[in-house]
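# Chain and residue survey
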Amino acid sequence: MIGKVLVGVRTRRWAALCLGLLTCTTAQTASAADCPGHPDALGTSRTLVVDPRAHPRIGTMQYAETLPLEDHEVVLTFDDGPLPRNSDQVLEILASQCVKATFFIIGRMAQAYPEGVRKVRDAGHTVGTHSQDHPLSMNRMSIERARQEIDDGIASVTAALGDKAALAPFFRIPGLLRADGVEDYLASQGIQTWSADFPADDWRHISSSRVYDLAMQRLEDKGKGILLLHDIQARTVAALPRILHELKARGYRIVHVVPATPDQPATPTEPQQWQLHPPSETVAISHWPKIPNFVFAGTDALPAPSPSDWRDGQLMPSAEPFYRGRRLARGVPLPREAPWPRQTPRPLESAASALPVPAQSIFEIQEKPRPVTQGLAPSSHHAEQAVPAGRETNGLAKLISADASDSRPTIQESLPVTESGLQRVPLGTH
Ligand SMILES: [Zn+2]
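Conventions we followed
Along each chain, residues carry numbers from 1 onward, in the same order as the chain's sequence is written. Since the coordinates come from a predicted model, pLDDT governs what is reported: local features require at least 70, and pairs of side-chain atoms require 80 or more to be given and counted, while whole-chain, interface and lining totals use all residues. To get the side-chain values, all heavy atoms of the structure are used, and hydrogens and water are removed first. Inter-axis angles, ranging from 0 to 180 degrees, are taken between N-to-C directions of lines fitted to C-alpha atoms, where helices are fitted over the stretch in contact. Helix numbers and strand numbers start at the N terminus; a helix is a DSSP run of H or I with at least 4 residues, a strand a run of E with at least 2. Here roughly perpendicular refers to angles of 65 to 115 degrees, roughly parallel to angles under 35, roughly antiparallel to angles over 145, and oblique to all remaining angles. The criterion used for residue contact is that any of the two residues' heavy atoms lie within 4.5 Å. Any residue outside Ala, Val, Leu, Ile, Met, Phe, Trp, Tyr, Cys, Pro, Asp, Glu, Lys and Arg is labelled polar, Gly included; the first ten of those are nonpolar and the last four are charged. Pairs of cysteine sulfur atoms within 2.5 Å are identified as disulfides in what follows. Accessible area is worked out with a 1.4 Å probe on protein chains only. A residue is then buried under 20% of its type maximum, exposed over 50%, and partly exposed in between. This arc is taken over the directions from the axis of the helix to the C-beta atoms. One side-chain nitrogen of Lys or Arg within 4 Å of one carboxyl oxygen of Asp or Glu is enough to make a salt bridge. What makes a nonpolar core is a set of buried Ala, Val, Leu, Ile, Met, Phe, Trp, Tyr and Cys residues whose side-chain atoms join them at distances within 4.5 Å. Two strands pair if DSSP finds at least two bridges between them. By convention, a crossover is right-handed whenever its connection, traced from the first strand over the helix to the second and viewed with the strands pointing away, goes clockwise. Aromatic pairing here means that ring centres of Phe, Tyr or Trp (its six-membered ring) are within 6.5 Å. Orientation follows from the plane angle: under 30 degrees is stacked, over 60 is edge-to-face, and everything else is tilted. We call a charge positioned over a ring when the NZ of a Lys or the CZ of an Arg lies within 6 Å of the ring centre and within 35 degrees of the ring normal. Each residue carries a pLDDT score, the predictor's own confidence in it, on a scale running from 0 to 100. Each polar contact in these results corresponds to two N or O atoms within 3.5 Å; when the atoms are within protein, one needs to be able to donate a hydrogen and the other to accept it, and residues that are neighboring in sequence are counted only if both atoms are side-chain atoms.

Turning our attention to the packing of helix α5 (residues 114–122) against helix α6 (residues 143–161). At a closest axis distance of 8 Å, the pairing of α5 and α6 adopts a crossing angle of 75 degrees. Here α5 lies roughly perpendicular to α6, going by the angle between them. Touching P114, V117, R118 and R121 of α5 are V157, A160 and L161, all from α6. Within the contact of α5 with α6, the residues separate by chemical class into five nonpolar, no polar and two charged.

Here we take up the state of the cysteines. This model, assessed by the stated rule, comprises one disulfide. The residue that forms a disulfide with C35 is C98, at a sulfur-sulfur distance of 2.1 Å. Handedness here is read from the sign of the S-S torsion; for C35 and C98, about 85 degrees, the answer is right-handed. Linking C35 in the loop between α2 (31–34) and β1 (46–50) with C98 in the loop between α3 (84–96) and β4 (102–105), this pair joins segments that are 63 residues apart in sequence.

The subject of this paragraph is helix α7 (residues 180–188). All of the buried residues along α7 are V182, E183, Y185 and L186. Across the axial projection of α7, the buried residues extend over an arc of 160 degrees, all falling on one side. The inward-facing, buried residues of α7 abut β2 (57–58), α6, β6 (170–171) and β7 (192–194). Just downstream of α7, G190 is the residue with a positive phi angle, here 75 degrees.

This next bit is on the pattern of salt bridges. Within this structure, the stated rule accounts for 13 salt bridges. Measuring nitrogen to oxygen at the nearest pair gives 2.7 Å for the salt bridge that ties D79 to R172. Separated by 93 residues along the polypeptide, D79 in strand β3 (residues 73–79) and R172 in the loop between β6 and α7 bring together distant segments of the chain. With relative accessibility at 0%, the residue D79 sits in the buried group.

Residues L76, F78, L94, F103 and L247 are the most contacted members of the largest nonpolar core, which totals 51 residues. With sequence-adjacent residues up to four places away left out, F103 is seen in contact with F78, V90, L91, L94, V120, H125, T126, V127, G128 and D231. One finds L48, I58, M61 and F170 within the second-largest nonpolar core, a separate group that totals 18 residues.

Residue G81 is joined to P82 through a cis peptide bond whose omega torsion reads 0 degrees. With respect to the helices and strands, P82 occurs in the loop between β3 and α3. One non-glycine residue, C98, lies in positive phi territory at about 50 degrees. By relative accessible area, C98 is classed as buried at 18%. Phi at L176 takes a positive value of approximately 60 degrees, unusual for a residue other than glycine. Considering the arrangement of structural elements, one finds L176 in the loop between β6 and α7.

Counting buried residues in strand β9 (residues 225–230) gives six out of six residues, a clear majority hidden from the surface. Of the pairings in the sheet, the one linking β3 to β9 comprises six bridges and is parallel in character. Residue L76 lies in a different strand from β9, and its bridge partner there is L227. Where strand β8 (residues 198–199) lies against β9, two bridges are found, and the strand directions are parallel. Paired with P199 across the two strands is L228, which belongs to β9. For the crossover from β8 across helix α8 (residues 208–222) to β9, the handedness is right-handed.

Right, let's talk about the packing of aromatic side chains for a bit. Here the structure, examined in full by the defined rule, presents three aromatic pairs. Judged by centre distance (5.1 Å) and plane angle (20 degrees), the ring pair of F78 and F103 falls under stacked. Here the residue F78 occupies a position in strand β3, and F103 occupies one in strand β4, the gap between them amounting to 25 residues. On the basis of relative accessible area, F103 is assigned to the buried category, the value being 1%. Among the aromatic residues, ring-to-ring pairing joins F104, F170 and W194 into one connected group. Here the basic side chain of R242 rests over the ring of Y212, its NZ or CZ set 3.6 Å away from the ring centre.

Glancing now at the confidence of the model for the chain. Per-residue confidence for the chain gives a mean pLDDT of 71, with 56% of residues at or over 70. The low-confidence segment residues 279–430, where pLDDT is below 50, has 424 contacts with residues more than four positions distant or belonging to other chains.

All right, on to α5 then. Since the α-helix turns once every 3.6 residues, residues separated by three or four places project in the same direction. Among the residues making up α5, those that are buried are G116, V117, V120 and R121. Projected down its long axis, α5 carries its buried residues within an arc of 140 degrees, all on one side. Lining the buried residues of α5 we find α3, β4, α4 (107–112), β5 (126–129) and α6. A positive backbone phi angle near 90 degrees is found at G124, which sits one or two residues after α5.

On to the environment of A260, then. As for its placement among the helices and strands, A260 is situated in the loop between β10 (253–259) and β11 (310–311). For the pair formed by A260 and P169, sequence separation is 91 residues and the distance between their alpha carbons is 9.6 Å. Residue contacts for A260: discarding those within four places in its chain leaves V49, V50, D51, P265 and A266.

It is worth spelling out the side chain of R178 at this point. Assignment of secondary structure puts R178 in the loop between β6 and α7. Among the polar contacts listed, one links the side chain of R178 to the side chain of D180, at a separation of 2.4 Å.

And the structure:
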């Protein structure tokens, strides 16, 4: 169905171009003609059709390959939704600029807000999945459980869409906590594992201005790539208009990615177009491949890099907020947090202060969360899923981020949940 929608959209786009420009060869500048009522819109410059089986893992934050983008081309991705309050605004902002993106939907969010998933689809965006419960432990859970997370997430999102064909075989591992077995399973299913090329740290408790700064700074460093954002975040909603405006001002172009289908073959590319950028690039995450292909199997103390570790091009000794504790909701155990050990063990004293504090404002995020666990600095890029006890939908816990707001944002990775509800883990080494 996505394919049909896209074909329709693109047909109209081409028709408009042909009529307005007397030529059909200028799709790269489709924005104005493509966005009625918004002549200055950023627009979507082209649709890239990819074959997941030919390129099963993408995103230079973790893999050797990434999307075959040209210089100044950007792919926008949004994780963890839908959360109507914020996700709807993201959709409106993208629509106002005629920008198409890819959304990685969480199964439980789809169950709670199926209409939200359909809104994403109906707006012409690509819908991928992001597991059922967003466990930050896929790097160490059994492959059987990992498969269940993946399969259940797909089933939940498919149910919301009501059409399996509307779902793209794109998957982003929660927290980017990859494991060979997980990737192999995804590949065996013809599903493409999406990392990213750079994040904007919008899951952190930072200002929207900072999100904007990081997005643009990291994009400028790379010159192109996949930007990882979270549509459930109010700060992302606040930063997005400015990001899109600046993208246009600086000459960037938006690329919409869709999966190949029998009716829509993959865009012809050369193998080298999928390769990592030259090492001359300075963006922090370009160093990721140097981390030995994370050997997670068989141990809890495995190295795991995180986008959170990188700030302004520097590896930071951060202790990212870290969701831990058993999440329970009406007797349904939710995934534990992953330890996210770093390559370099850190002093235990910082962990001593990482004591959970009952939060009266369960949706509130600490100002500068730096929880630590097991003497190691955890750092998940978005371990945000927490479930407030007592708020449930269809017998299942309502996903935390469910009521994010500017003043009391959203659940975050730093919010562990217990039977009594969410608890904040304040703390931090800095
Ligand atoms: Zn996520």
